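Breakdown of the fold
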Amino acid sequence: MERPGAGGVDSNECENVSRKEEMSEEFEADTMNSLADMPFATIDIKDDCGIPDVPQRNLEKNKENERISKEQIKKRKKKRKDYQPNYFLSIPITNKEITRGIKILQNAIIEQDEQLTKAMISEGSFHLTLLVMQLLNEGEVHNGIDALWELKPFVEEILQGKDLTLPFEGVDTFGNQVGFVKLVEGDHVRLLLQIAEAAKRTFQEKGILAGESRSFKPHLTFMKLSKVPWLRKKGVKKIDPEFYEKFISHRFGEEVVHRIDLCSMLKKKQSNGYYHCESSIVIGDLGSPSSIVLQKYRKDIPSWPSGKKPIGILDLLNEALRRERMRLKSKVKQIKELLLKPETQAKIRRELLEGRSLNSSDQGSDVDFSTALA
């Protein structure tokens, strides 16, 4: 074997050079893949990376395009890196049969490993996530509320006046890290996917960063190992399938979707364990009087007074009626102001005098409109 510096080639040096080339190729491949996953990328990756394929005579133009492309890539990378969802659209799970079944499942797992107690999702937090998004300030939150209200007619169009019933059966995990109750396959999944897609489109059209690069898979989470990261140090790195094998085919029940909530991931939860809710839209019962009123005045309620965001149907109905009362009072005031104008009173007198005798017209002229309206 030849020594380094003696005219030969060091084998270690060759390995290092080869390794550097491999790392460079891997880095380039990773960059291309990450660009492909970006929801903001609207042009071809080859063009985005500034790879020239024009004649040499356009070299200067190519360099300028390459510089611009690199800046665009850098901005997109920063935008994607800064995208940390902090809000989401939630379908709350309220069927007691489902929540009771999940509690039995959780207790069965805890009996086999008490360390997993804190990995469990609290009963009040059970939900399906339709969409995640980033809302950084109050202005963007109000923008999100507007988008939620704009979503409602799309949901109604998709459901065509029918209930959306979600049956849950069986248990599975994501990479043995997140445990969830499975949604049974069926036409309801297609409808749910359509609603999720409509939500993503509606929020993005409002300029809101929303959605994920991975495909939407509706699921009901009941435990997460990420809630207790210290378990890894104790050797608990995955959810053992044996813990939930008795529930593989268990039927948990059905949830009829009755509302969609805009919730915060970070704000303090409600006393019942459910997430902080900014606003809601009611789904179903489209023929009820309250829903008819809400549909009629939906566009008139973009935000809520004093920072309060109603959740229940009564809150929504009361707010719609309050707005209508204010509108009517305003119209009555305008009518009074119009009637008190001299030219209006003169016109009314002229119309009253038509077809009457001179004496009758003289009596009619004595009417005091100001006193009557007061």
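Being a predicted model, the structure only gives us computed values, none of them experimental. (Residues numbered from 1 in each chain as written. Predicted model: local features only at pLDDT ≥ 70, side-chain atom pairs only at ≥ 80, totals over all residues. Heavy atoms only, no water.)

1. Details of the overall build of the protein chain
Spelled out, the test is: Working definition: helices are DSSP H or I runs of at least four residues, strands are E runs of at least two. Numbering for both runs from the N terminus. Relative accessibility thresholds used throughout: buried, under 20% of the residue-type maximum; exposed, over 50%; partly exposed, between the two (1.4 Å probe, protein chains only). All accessible-area figures derive from a Shrake-Rupley calculation using a 1.4 Å probe, and residue coverage is judged against the displayed protein chains alone.
Counting secondary structure elements, the protein chain contains 11 helices and nine strands. When each of the 374 residues of the protein chain is scored for burial, the buried share is 35%. Just so you have it, the protein chain exposes about 23,300 Å², and 51% of that area is on carbon and sulfur atoms.

2. Some details on the sheet that holds strand 9 (residues 277-282)
Short version of the rule: At least two bridges found by DSSP between two strands are what make those strands a pair. Should any heavy atoms of two residues lie within 4.5 Å, those residues are counted as being in contact. For every element, the axis is a line fit to its C-alpha atoms; helices are fit only across the contacting stretch, and the angle between N-to-C directions ranges from 0 to 180 degrees.
With antiparallel pairing, the five strands of this open sheet are ordered in space as 5-2-1-8-9. On the outer flanks of this sheet lie strand 5 (209-210) and strand 9, each paired with one strand and no other. Together, strand 1 (87-92), strand 2 (127-134), strand 8 (259-264) and strand 9 form the strand contacts of helix 5 (residues 138-159), whose direction differs from that of strand 9 by roughly 15°. Each of strand 1, strand 2, strand 5 and strand 8 is contacted by helix 6 (residues 187-205), which is oriented at about 20° to strand 2, the strand it contacts most.

3. So, the nonpolar core
For clarity, the threshold we go by: Here, the term nonpolar core denotes a set of buried Ala, Val, Leu, Ile, Met, Phe, Trp, Tyr and Cys residues that are joined through side-chain atoms within 4.5 Å.
Within the largest apolar cluster, 61 residues are counted, with the highest numbers of intra-cluster contacts made by Leu89, Met133, Phe168 and Ile260. When residues of this core are assigned to their parent elements, the largest contribution, nine residues, is made by helix 5.

4. Description of the packing of helix 5 against helix 6
As a reminder, the rule being used: Crossings are classed by handedness, with left-handed meaning an anticlockwise turn of the near helix from the far one by less than a right angle and right-handed meaning a clockwise turn. Under the grouping applied here, Gly and all other residues not named as nonpolar or charged are polar, the nonpolar ones being Ala, Val, Leu, Ile, Met, Phe, Trp, Tyr, Cys and Pro and the charged ones Asp, Glu, Lys and Arg.
Following both chains from N to C, one finds helix 5 and helix 6 inclined at 145°, their axes separated by 9 Å at the closest point. Crossing hand, helix 5 versus helix 6: right-handed. In this structure, helix 5 contributes Gly144, Ala147, Leu148, Glu150, Leu151, Phe154, Val155, Ile158 and Leu159 to the contact, and helix 6 contributes Leu191, Gln194, Ile195, Ala198, Ala199, Arg201, Thr202 and Phe203. Split into classes, the residues belonging to the contact of helix 5 with helix 6 amount to 12 nonpolar, three polar and two charged.

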